[in-house]
Amino acid sequence: MTREELTRLTGNGNGTCGKDDCPNIYRDEADGGFVIQGDMCEAFQPPAGEALVKIPEHVLREAVRVLGW
């Protein structure tokens, strides 16, 4: 998968961060899954191949708004 195959649901839409528009949530249109870009969280060690990211509530709310949920 590449960035071009993802639909950005949050942020300014140009692939860069600034003016409090990160982290970001992307939707993989191929399978409906979500790709999250955020600050790493080290609360515990996830299984191999997984990562923890911390996402502010306002970012999740924006993604829900964009999706019309």
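Residues numbered from 1 in each chain as written. Predicted model: local features only at pLDDT ≥ 70, side-chain atom pairs only at ≥ 80, totals over all residues. Heavy atoms only, no water.

### Digging into the overall build of the chain
A count of helical and extended segments in the chain gives one helix and five strands. Scanning the chain from its N terminus toward the C terminus, one meets helices and strands in the order β-β-β-β-β-α. A buried classification covers 20% of the 69 residues belonging to the chain. A separation of at least 24 residues holds for 29% of the contacts in the chain among residues at least 6 apart in sequence. Looking at the chain as shown, the accessible area adds up to about 5,200 Å², and 53% of this sits on carbon and sulfur atoms. (Helix = DSSP H or I, 4+ residues; strand = E, 2+ residues; numbered from the N terminus. Buried < 20%, exposed > 50% of the residue type's maximum accessible area, 1.4 Å probe, protein only. Contact = heavy atoms within 4.5 Å. Areas by Shrake-Rupley, 256 points an atom, 1.4 Å probe, with all protein chains shown as cover.)

### Describing the sheet that holds strand 3 (residues 34-37)
With antiparallel pairing, the three strands of this open sheet are ordered in space as 1-2-3. Two strands close off the open sheet at either side, each with one partner strand: strand 1 (6-8) and strand 3. Here the strands of the sheet are splayed against their neighbours by 30 degrees on average, with no regard to which way each runs. With four bridges joining them, strand 2 (residues 24-28) and strand 3 adopt antiparallel strand pairing. Opposite Tyr26, over in strand 3, you have Val35 as the bridge partner. (Pairing = 2+ DSSP bridges. Axes fitted to C-alpha atoms, helices over the stretch in contact; angles between N-to-C directions.)

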